[in-house]
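Breakdown of the fold
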Amino acid sequence: MRRTVYNEDHEAFRETIRAFIEGEVVPVHEEWLAAGQAPRDFYYKLGELGIFGIEVPEEYGGAGEESFKFQAILSEETARAGVSFGGSGVHVALCLPYLKAYATEDQKKRWLPDFVSGRTMFAIAMTEPGTGSDLAGMKTTAKLSEDGTHYVLNGAKTFITGGVHADRVIVCARTAPPKEDDRRFGISLLVVDTKSEGYAVGRKLDKLGLRTSDTAELSFSDVKVPVEDLLGEENKGFSYLGQNLPQERLGIAVGAYAQAAAAIRFAQEYVRERTVFGKPVAAFQNTKFELAACKAEVDAAEAVVDRALEAHDRRELTAAEAASAKLFCTEVAARVIDRCLQLHGGYGYMNEYPIARLYADNRVNRIYGGTSEVMKMIIAKSMGL
């Protein structure tokens, strides 16, 4: 069945992205893997191509698109080629929604033009050592100075994707103690200049997968953050974080579906070329049955993703629906990628084959953005359970 979720503009964008990946990413991706990150100047190329400005309003240098479908196409095309755009994904997918929703007019004028060009790369810092998904338990503090001109930021964050190359980081910090009946009160969002004194990038974390993504530890020691760089209202940051979660989880669902579809493509190519006992692996009934079963699962994931994309564009995607899409697609991807790796035999375990890297990259989908267990809790709550 032909997909109806994309129109001619989307498909033209897909062709542009596919050509860009083939020309600018595939030839150097092995170098990025060895280095453990994409080079900083690559982000300027993404800016020139217009990737960062798709959903930025025109008055700030963007294209003014409201649809998330262009980001979905990026996920599909990078997965198809077995590459990534480094840690730049959070720049648009995670950070931009906060800037669009909560930045003042002055802040948008200061930040968004350079956001679009790639001159200022953004990351977001929520997770802390020892807190994990319990954001209300964060220890990082931001105390207002006596003269009221700036906050003094102290604390540490971990698992910060894009943290090495970031020029600005949206830091979640406590600006007031929690209330007795509301642990979530007192958290604020500060847009921190990474060149500030006392701001430090610690280890670039050595991850199982997503090897080209610069994920780091950050620390803050008496970092002065101007009050003009407070994002939204003081002490209301936790509610802001929750409002972007459906889109974040939709993005993970799309990425998982795209990875599963790519795994089938890689496996099909391999089994046709690989000969065992005098005939191609593709000729064995087990191979055909395995790939057919994988295809059926990916078809179902595609339907879930497309329905969620349409709902999101109509501004109707609920938290429970996004959680359901993430849970289903990430679990499907895990099964499909594992089965496709098995069809590669021993070569599937070699990092020179894209299926091996995909196997490692995919695993985090069931963890970040809320674990599969958290997704089940959200879905169950929506069922009245």
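It should be noted that the structure appears before, not after, this text.
Reading the values: the criteria
- Residues numbered from 1 in each chain as written.
- Predicted model: local features only at pLDDT ≥ 70, side-chain atom pairs only at ≥ 80, totals over all residues.
- Heavy atoms only, no water.
- Axes fitted to C-alpha atoms, helices over the stretch in contact; angles between N-to-C directions.
- Helix = DSSP H or I, 4+ residues; strand = E, 2+ residues; numbered from the N terminus.
- Parallel < 35°, antiparallel > 145°, perpendicular 65-115°, else oblique.
- Left-handed = near helix turned anticlockwise from the far one by under 90°.
- Contact = heavy atoms within 4.5 Å.
- Nonpolar A, V, L, I, M, F, W, Y, C, P; charged D, E, K, R; others polar.
- Salt bridge = Lys/Arg side-chain N within 4 Å of Asp/Glu carboxyl O.
- Buried < 20%, exposed > 50% of the residue type's maximum accessible area, 1.4 Å probe, protein only.
- Pairing = 2+ DSSP bridges.

**Concerning the packing of helix α5 (residues 89–102) against helix α6 (residues 105–117)**
With their axes 10 Å apart at the nearest point, α5 and α6 run at an angle of 160° to one another. Relative to α6, α5 is oriented roughly antiparallel. Read as a crossing pair, α5 and α6 show a hand that is left-handed. Each of H91, V92, L96, L99, K100 and Y102 in α5 lies in contact with α6, whose residues at this interface are Q107, K108, W111, L112 and F115. Considering only residue class, the contact of α5 with α6 consists of seven nonpolar, two polar and two charged.

**Description of the pattern of salt bridges**
Tallied over the entire structure, the rule returns 29 salt bridges. With a shortest N-O distance of 3.4 Å, K195 and D193 are connected by a salt bridge. On the basis of relative accessible area, K195 is assigned to the exposed category, the value being 68%. On the accessibility criterion, D193 (22% relative accessible area) is partly exposed. Between D299 and K295 there is a salt bridge, with its nearest N and O atoms 3.0 Å apart. In this pair, D299 and K295 both sit in helix α9 (residues 285–313), four residues apart, roughly one turn of the helix. Among the residues examined, D299 registers a relative accessible area of 36% and is labelled partly exposed. Here the salt bridges share partners, and the residues they tie into one network are R3, E11, R14, R18, E76, E77, E302 and D306.

**Observations concerning the pairing of strand β1 (residues 122–125)**
Side-chain alternation along β1 places F122 and I124 on one buried face and A123 and A125 on a second face that is also buried. Two strands pair when backbone bridges link them, and β1 and strand β4 (residues 168–174) are joined in this way by four bridges, in the parallel orientation. Its bridge partner lying in β4, A123 is registered against V169.

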